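# Structure at a glance
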Amino acid sequence: MIYSAEVQHMCSVAKGAYHGPAPIPEEGKWVQVKEIKDVSGFTHGIGWCAPQQGCCKLTLNVKEGIIEEALVETLGCSGMTHSAAMASEILIGKTLLEALNTDLVCDAINTAMRELFLQIVYGRSQSAFSEDGLAVGASLEDLGKGLRSQVGTMFATKAKGPRYLEMAEGYVTRIALDENDLITGYEFINLGKMMDFIKKGDDANVAMEKAKGSYGRFAGAAKYIDPRHE
């Protein structure tokens, strides 16, 4: 340690009482975080790239400073999906500090990592008051059956109105309209369930029919349209 001449010639003054850092909530406990291994938590966060052409939703499960689980979901440019694939390999097993200072390939994923770091180290995690936190694998529960991201995709024009393309339930195949051409419901295919049926041996057309569902006042509508072609 090198001290300036001014500091070397100062007299010593005793330091007062030290109470340590303020405790933060972590997995049902109050913890004074002094080292990175003191940090645990499960949380979600989002990030975006500099030109704001895409975004990443990142979910991390951290136990004693180590990232044990990572769910990387991206929306935007096609390259982001490949970046997510690499980030999923990079993140696991790293400490929070290592991950924060590692290039996660896509700027949106890097930004998400920064935002999650802030949440976790300040005790704002989803599992802050859950005893022992959440089990590794908890992020898959957000995806539900079929393990697909929940995506909403809508398109609309002033001239022709809205088109529902994808909802949380799945890929929208038909939109129901009433006699005034107002949307009253929609039909969808849960692609995760459909692929499960096909893997079990169902014919693709049979699997598609089994994976279909509807929402709202779909039955008995005045008119049905294909949102992609009508």
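Refer to the structure presented above.
Cut-off values and rules
Residues numbered from 1 in each chain as written. Predicted model: local features only at pLDDT ≥ 70, side-chain atom pairs only at ≥ 80, totals over all residues. Heavy atoms only, no water. Helix = DSSP H or I, 4+ residues; strand = E, 2+ residues; numbered from the N terminus. Rg over C-alpha atoms; globule rule 2.2 N^0.38 Å. Contact = heavy atoms within 4.5 Å. Areas by Shrake-Rupley, 256 points an atom, 1.4 Å probe, with all protein chains shown as cover. Disulfide = S-S within 2.5 Å. Buried < 20%, exposed > 50% of the residue type's maximum accessible area, 1.4 Å probe, protein only.

### Describing the overall build of the protein
- Broken down by element type, the protein carries 7 helices and 11 strands.
- Taking 230 residues into account, the globule formula puts the C-alpha radius of gyration at 17 Å, and the protein, at 25 Å, lies well above it.
- Restricting the contact set of the protein to residue pairs at least 6 apart, pairs at least 24 apart contribute 51%.
- Carbon together with sulfur atoms contributes 55% to the accessible area of the protein, which is approximately 14,200 Å² in total.

### Thoughts on the state of the cysteines
- Summed over the entire model, instances satisfying the criterion amount to 0 disulfides.
- C56 forms no disulfide, and the closest cysteine sulfur to it belongs to C106, at a distance of 7.0 Å.
- The exposure class of C56 is buried, given its relative accessible area of 1%.

### Remarks on unusual backbone geometry
- Positive phi, close to 50°, is recorded for E27, a residue that is not glycine.
- Note that E27 resides in the loop between β1 (24-26) and β2 (29-31).
- The phi torsion at D132 lies on the positive side, around 65°, for a residue other than glycine.
- Mapped onto the elements of the fold, D132 is located in the loop between α4 (107-121) and α5 (140-143).
- Assessed through its relative accessible area of 56%, D132 is described here as exposed.

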